[in-house]
Amino acid sequence: MTRKRTAILISGRGSNMSALIAAASDAGYPAEIALVGSNRPEAAGLQRAAEAGIPTAIVDHTIYGKDRTAFERALHDVLLQHRIQIICLAGFMRLLSPWFIAQWPNRILNIHPALLPSFKGLDTHRRAIEAGASEHGATVHFVVAEMDSGPVVAQGRVPLFPDDTETALAARVLAVEHRIYPLALKLVASDRVRVDDGRCIVCGAVSAEEATLLPRHPAH
Ligand code: GRF
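We now turn to the structure provided with this report. No experiment lies behind these values; they were computed from the predicted model shown.

## Looking at the packing of aromatic side chains
Step number 1: On inspection of all chains with the given rule, the structure shows 2 aromatic pairs.
Step number 2: With 6.4 Å between their ring centres and 65° between their planes, Trp99 and Phe100 make a pair best called edge-to-face.
Step number 3: Lying across the ring of Trp99, Arg73 places its NZ or CZ 4.3 Å from the centre.

## Digging into the nonpolar core
Step number 1: Within the largest apolar cluster, 46 residues are counted, with the highest numbers of intra-cluster contacts made by Ile8, Ile33, Val36, Leu109 and Leu185.
Step number 2: With 11 residues, the top contributor of residues to this core is helix H6 (residues 166–189).
Step number 3: Two domains each provide a minimum of three residues to this core, namely domain 1 (1–104) and domain 2 (116–220).
Step number 4: Those residues in contact with Val36 that lie beyond four places of it in its chain are Ile8, Ile10, Met17, Leu46, Ala49, Ile54, Pro55, Thr56 and Ala57.

## Notes on the environment of Ala168
Step number 1: Here Ala168 shows up in helix H6.
Step number 2: In this structure, the C-alpha to C-alpha distance between Ala168 and His76, residues 92 residues apart in sequence, is 37 Å.

## Some points on the site of the ligand
Step number 1: Neighbouring the ligand are the residues Arg13, Gly14, Ser15, Asn16, Gly91, Ile111, His112, Pro113 and Glu177.
Step number 2: Between an oxygen atom of the ligand and a main-chain N or O atom of Gly14, the distance comes to 2.8 Å.
Step number 3: Contacts to the ligand include Glu177, whose side-chain N or O atom sits 2.8 Å from an oxygen atom.
Step number 4: Starting from 360 Å² of accessible surface for the ligand in isolation, the protein chains cover 84%.
Step number 5: Here the ligand occupies the largest pocket.
Step number 6: Of the residues belonging to the shell around the ligand, the class tally is 2 nonpolar, 5 polar and 2 charged.

## Describing H6
Step number 1: Compared with the 34 Å implied by 1.5 Å per residue over 24 residues, the 33 Å span of H6 between its first and last C-alpha is a close match.
Step number 2: Positive backbone phi, at 55°, marks Asp191, one or two positions downstream of H6.

The rules behind these values
- Residues numbered from 1 in each chain as written.
- Predicted model: local features only at pLDDT ≥ 70, side-chain atom pairs only at ≥ 80, totals over all residues.
- Heavy atoms only, no water.
- Phe/Tyr/Trp six-rings, centres within 6.5 Å; stacked < 30°, edge-to-face > 60°.
- Lys NZ or Arg CZ within 6 Å of the ring centre and 35° of its normal.
- Core = buried A, V, L, I, M, F, W, Y, C linked by side-chain atoms within 4.5 Å.
- Buried < 20%, exposed > 50% of the residue type's maximum accessible area, 1.4 Å probe, protein only.
- Helix = DSSP H or I, 4+ residues; strand = E, 2+ residues; numbered from the N terminus.
- Domains from an automatic or database assignment.
- Contact = heavy atoms within 4.5 Å.
- Near = heavy atom within 4 Å.
- Polar contact = N/O pair within 3.5 Å; in protein donor to acceptor, adjacent residues only side chain to side chain.
- Areas by Shrake-Rupley, 256 points an atom, 1.4 Å probe, with all protein chains shown as cover.
- 1 Å grid on protein atoms, 1.4 Å probe; cavity = no way out; pocket = protein on both sides within 12 Å on 5 of 7 lines; lining within 4 Å.
- Sits in = over half its atoms within 2 Å of the grid points.
- Nonpolar A, V, L, I, M, F, W, Y, C, P; charged D, E, K, R; others polar.
- Expected span 1.5 Å × (residues − 1).

See the structure below:
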């Protein structure tokens with residue numbers, strides 16, 4: 001099995017990045033983390049990636065001013081130089097243009113801290129509490145031109161309690177993020193996710209626990 005060369009793009013602390021690195025440290029995992037890239041030189045995750053022996057790259061968007069195309073071309077070039085096959089956005093706080101996304105069709109994953117299609121955008125935990133939702137969670141999806149949309153690969157649910165604080169809820173959701181992202185990358189990197197009419201179909205056997213994190217898996 002050739003492991004898929006995967007880049008993780010971050011802008012901040014990188015806890016999802018660490019979860020992916022930990023999963024990929026198993027030689028049997030179908031993706032290898034070949035690069036961690038950041039648009040922010042001060043992103044805390046960069047140091048942790050370097051400590052794990054992973055090449056890092058900084059493409060600082062501020063250098064390009066308002067020229068998003070130039071920033072994205074520079075990022076794209078770095079990814080090509082590292083022969084990247086799959087991109088995982090993990091707290092990467094730049095919107096990607098339709099041009100960039102078209103270079104990587106069904107090859108960019110993102111994690112969003114809500115049960116999409118609910119609560120797209122920012123401040124998801126506060127908004128879920130304010131909406132009186134009874135459950136919340138996180139979603140890994142393929143990136144398409146429309147923000148926080150695209151075929152859902154994996155989704156993890158947590159309960160939302162009446163007296164929840166944003167901090168407590170965020171921690172509960174983050175724990176589920178760290179489970180679903182390694183699972184989603186595993187399935188995509190082993191070519192077991194097919195996108196059909198905007199939906200993900202997962203092929204092959206998954207454990208009963210994994211099946212609870214996959215929409216529309218036959219084991220449901
Ligand atoms: C996570 O909540 C993720 O869902 C969102 O940004 C946050 C990144 O956290 N997209 P971390 O940098 O992975 O710790």
